[in-house]
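Here are the chains, one letter per residue:
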Amino acid sequence: MLGVDSHRDVHVAAVVSMLGQALAAERFPTTASGYRDLVEWACGWGVVHRAGVESSGNYGAALSRHLLSAGIEVVEAPGPGRSARRRRSKSDEGDAVAAARSVLSGRAQFPVNTGRGPIEIARMYVMAKDSATRAKRQAMNQLRAILVTADPVLREELWSLKRRALILACLQLREGDEEMDPLVRATRFTLRMLAERIEQLRVQALMLEQRLEDVIGTHYPRLLEALGMSELEVRQTEDSSLFELYAGGERVGDLSWLSRDEEDAEDFVAG
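Residues numbered from 1 in each chain as written. Predicted model: local features only at pLDDT ≥ 70, side-chain atom pairs only at ≥ 80, totals over all residues. Heavy atoms only, no water.

**Let's talk about the overall build of the chain**
Assigned secondary structure in the chain consists of 10 helices and eight strands. The buried share among the 271 residues of the chain stands at 39%. Accessible surface, the chain: about 15500 Å² in total, of which carbon and sulfur atoms supply 50%. (Helix = DSSP H or I, 4+ residues; strand = E, 2+ residues; numbered from the N terminus. Buried < 20%, exposed > 50% of the residue type's maximum accessible area, 1.4 Å probe, protein only. Areas by Shrake-Rupley, 256 points an atom, 1.4 Å probe, with all protein chains shown as cover.)

**Describing the sheet that holds strand E2 (residues 10–16)**
One open sheet accounts for five strands, arranged E3-E2-E1-E4-E5; its pairing is mixed. Every interior strand has two partners, whereas the edge strands, strand E3 (22–29) and strand E5 (73–76), have only one. Between one strand axis and the next, the sheet turns by 25 degrees as a mean value, whatever way the strands run. Pairing of E2 with E3 involves seven bridges; the strand directions are antiparallel. Within the sheet, the bridge partner assigned to valine 10 lies in E3 and is proline 29. Its contacts with the sheet put helix H1 (residues 32–43) on strand E1 (2–5), E2 and E3, and the angle it makes with E3 is roughly 170 degrees. Sitting on the sheet, helix H4 (residues 92–105) is in contact with E1, E2, E3, strand E4 (50–53) and E5, with an inclination near 50 degrees to E2. (Pairing = 2+ DSSP bridges. Axes fitted to C-alpha atoms, helices over the stretch in contact; angles between N-to-C directions. Contact = heavy atoms within 4.5 Å.)

**Structural notes on the nonpolar core**
One finds Leu2, Ala13, Trp41 and Leu67 to be the most contacted residues of the largest nonpolar core, which totals 19 residues. Contributions of two or more residues to this core are made by E1, E2, E3, H1, E4 and helix H2 (61–69). For leucine 67, the residues in contact, after removing those within four places along its chain, are Leu2, Val39, Ala51, Val53, Ile72 and Val74. By size, the runner-up hydrophobic cluster in this structure holds 14 residues, among which are Leu158, Leu173, Ala195 and Ile198. (Core = buried A, V, L, I, M, F, W, Y, C linked by side-chain atoms within 4.5 Å.)

**Remarks on the pattern of salt bridges**
Throughout the structure, instances matching the rule amount to nine salt bridges. Between arginine 50 and glutamate 73 there is a salt bridge, with its nearest N and O atoms 3.4 Å apart. Residue arginine 50 is found in strand E4, and its partner glutamate 73 is found in strand E5; the two are separated by 23 residues along the sequence. The exposure class of arginine 50 is partly exposed, given its relative accessible area of 23%. One salt bridge in this structure joins arginine 192 and glutamate 196, with 3.7 Å as the shortest N-O distance. Note that arginine 192 and glutamate 196 are positioned in helix H8 (residues 182–219) at a spacing of four residues, about one turn of the helix. Using a relative accessible area of 14% as the deciding quantity, one classes arginine 192 as buried. The exposure class assigned to glutamate 196 is partly exposed, which follows from its relative accessible area of 38%. (Salt bridge = Lys/Arg side-chain N within 4 Å of Asp/Glu carboxyl O.)

It is worth stressing that arrangement in space is one thing and function is another; only the former is reported here.
As structure tokens, this is what we get:
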């Protein structure tokens, strides 16, 4: 049985016997040749049917895809847990052995996402859209903070405006000539830069939402017909590699259905 403790630059792999005895552990770089060497090394100890990979949706995603392409079933290894870490010092090799033993004991049993096709596309769109939304909110807070201490004339002109009107007004601000107060010029310039950033992020978020709607519409069309994208929300679970779909604030399912074909998705809706 194979277990892997995954990291950004190096994966630590361990092989255990069917009785749980640790046979060997080795480090491999997170490169294409490193993945090939890992599989060759593991198979040198015998036939490998299953592997447990920690962080299979993050640092271990590429390795998980390589193992699957090599015909090895891959499951998400849960890690040793806090109590186990307290009983012994932190060890990557020990974590890799624990990952392999979790497969052997059945504690690790959830197949990893393949990281290909619609589920990976949706994951990337959601991640980028959430990032754009957070950055837009931060820029808006910065813009309002600058207005608090801005020149009274400029503040009175802009402060009472609603958010969208405020952004449009700031987009029209000009820095002014050399005779204007340098602080006022800097304020007007900064407000316009922040407004341009907010507008760009708004457009990006809308584009990503449209692409996400296309993915859901292709693989889950009946949900869109019943509700519409405006009522749908995709939320990240505690496992950063998984997402759940909500409608009107209520959970309607996880996004694992995106890895099914359209016929299966239709059956999923009907159920």
